[in-house]
Amino acid sequence: MLVFEQPPNGTIPIDLVSSSDFEQWHQECSDATKSWVKLTNFRGKANQFFHLPDSNGNPTSVVAGIGDSPSKASLGLLSQKLGEGNFCLRTAPRDDLYKLALGWGMGAYTFDKYKTKASKAEKRATLYVDPQFASVQDEVDAINLARDLINTGAGDMLPDELEDAVTGVCKRFDVDLSVTRGDELLDRGFRTIHTVGRASKSPPRLMEFRWGDENAPKITIMGKGVCFDSGGLDLKNAQGMRDMKKDMAGSAMALALSQLIMARKLNVRMRLMIPAVENAVSDNAYRPGDVITTYKGTTVEVGNTDAEGRLILCDALALAAEEKPEFMLDFATLTGAARVALGFNLPAMFSNNDSLAEGLVASSQATSEPIWRMPLFDDYRETLKSSVADICNISSMAAGGAITAALFLEHFVDKVPWVHFDLMGSNTKTRPAHPAGGEGSVIRAAFHYIENRFNG
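Analysis parameters
- Residues numbered from 1 in each chain as written.
- Predicted model: local features only at pLDDT ≥ 70, side-chain atom pairs only at ≥ 80, totals over all residues.
- Heavy atoms only, no water.
- Pairing = 2+ DSSP bridges.
- Helix = DSSP H or I, 4+ residues; strand = E, 2+ residues; numbered from the N terminus.
- Salt bridge = Lys/Arg side-chain N within 4 Å of Asp/Glu carboxyl O.
- Buried < 20%, exposed > 50% of the residue type's maximum accessible area, 1.4 Å probe, protein only.
- Phe/Tyr/Trp six-rings, centres within 6.5 Å; stacked < 30°, edge-to-face > 60°.

Chemist: Please clarify how the sheet that holds strand β5 (residues 86–89) should be interpreted in this entry.
Modeler: Hydrogen bonds between backbone atoms are what pair the strands of a sheet, whose relative direction is either parallel or antiparallel. Taken in spatial order, the six strands of this open sheet run β1-β6-β5-β2-β4-β3, and their pairing is mixed. Two strands lie at the open edges of the sheet, namely β1 (2–3) and β3 (49–53), each paired on one side alone. Two strands pair when backbone bridges link them, and β3 and strand β4 (residues 59–65) are joined in this way by five bridges, in the antiparallel orientation. Opposite Pro53, over in β4, you have Pro59 as the bridge partner.

Next up, the structure:
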């Protein structure tokens, strides 16, 4: 937990030591401190710490390691390790306070919605930070919004509930939400969104809102909102279905990014679009071999009902492209192939615009939010050909699945500068500043790029 005010009496100060400065610091320590260093094997590594007690055994201060240099990972586990209490950073250089506080705040996240009161997780340590750095909370809140939505069980986060979450953000920033729901989708030509989601008791929908000065540069952000993915009639096995509550992670990240943009009042005209469905099984579920006419007019053969994310995104992308914004970003837990290629912690990025892609890579490095650009390899386009329709939603080759999925999406962007993030949506284990469970990856990198481009 972060509090941006002067610390109260009794707050325990934290003195920071880097691993690169450890030897010099150690030489200057008192004998008592050296004893604690030896006892705890402290070497200034990130998230290492020990308490310095008074004569009664009560802690008077904490010595904490930050690694080679300050980063959001430096204190990213400390709030979980220290236990309940009030703390402040006594020796941190002001230039480093933002990233240190950010890491603390990101690492302090817990999801206890389903815990009973008796078994709720223990309270974490509270860090008091100079109010000058209060904007850190905007980033923490955005990331935690995404995490909360992703971690919520699918039974409590179907399209109806996801709409409630979007409505909550809209009310906070006084924007109007437009929702095209159920059979209204057919009236507007959004047949792929309707087709994928029609078997669910929670009707499919396309949610969108606009925010910002109408004369500001236009950008469009969208996210895949598959609130649960059974695989449809091409049913997933039990293991494959177990974590599919997170298949709406793209929509959670898009909503979180939009919240951060509005909280920081960036100079953009932002459009958020979330196609939301449950890919369920029922008597009216769509079938392998069906042909759908998309909003763009392109006909798509359904090669596999478990390749549904690209179908709901293709209608939204085609609609967004009509406005010709400066660029479009989409977030999606689209393919397992991207995880095979890059692992769990490195999101794949595809783009049809080198300048946009290079700017986002630079922002990912600046924010320590890694991404890796993958190719839109044109030779693979022919693998999406269909004998009965204009295009198929799956490739005829087993390899390169993340690339061919991105090529499918690119068909609908009409040469508008566009970036597609194919990401995991969760952490398989706790890392500094990144607790296990739902994760808002790429949000900070995307925000950094947008802020620098339009507010720099």
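Chemist: Would you take a moment to explain the pattern of salt bridges for this structure?
Modeler: When charged atoms on two side chains of opposite charge get close, those side chains can pair. Under the criterion given, the structure shown has 25 salt bridges. Where Arg210 meets Glu323, a salt bridge forms, and the shortest distance between an N and an O atom there is 2.4 Å. Here the residue Arg210 occupies a position in strand β8 (residues 205–211), and Glu323 occupies one in the loop between α11 (309–321) and β14 (327–332), the gap between them amounting to 113 residues. Looking at Arg210, the relative accessible area reads 34%, which means it is partly exposed. Salt-bridge contacts for Asp422 lead to Arg339; the nearest nitrogen and oxygen are separated by 3.4 Å. Of this pair, Asp422 sits in strand β18 (residues 418–422) while Arg339 sits in helix α12 (residues 336–342), and the two are 83 residues apart along the sequence. Residue classification places Asp422 among the buried positions, given a relative accessible area of 0%. Salt bridges here are not isolated pairs; linked through shared partners, they connect Lys72, Asp138, Glu139, Arg264, Glu369 and Arg444.

Chemist: In this structure, what is going on with the packing of aromatic side chains? I would like to understand it.
Modeler: Working definition: an aromatic ring pair is given by the centre-to-centre distance plus the angle between the planes. All told, the structure shown has eleven aromatic pairs when counted by the stated rule. An aromatic cluster of at least three residues, connected via ring pairs, comprises Phe22, Trp25, Phe42 and Phe50.

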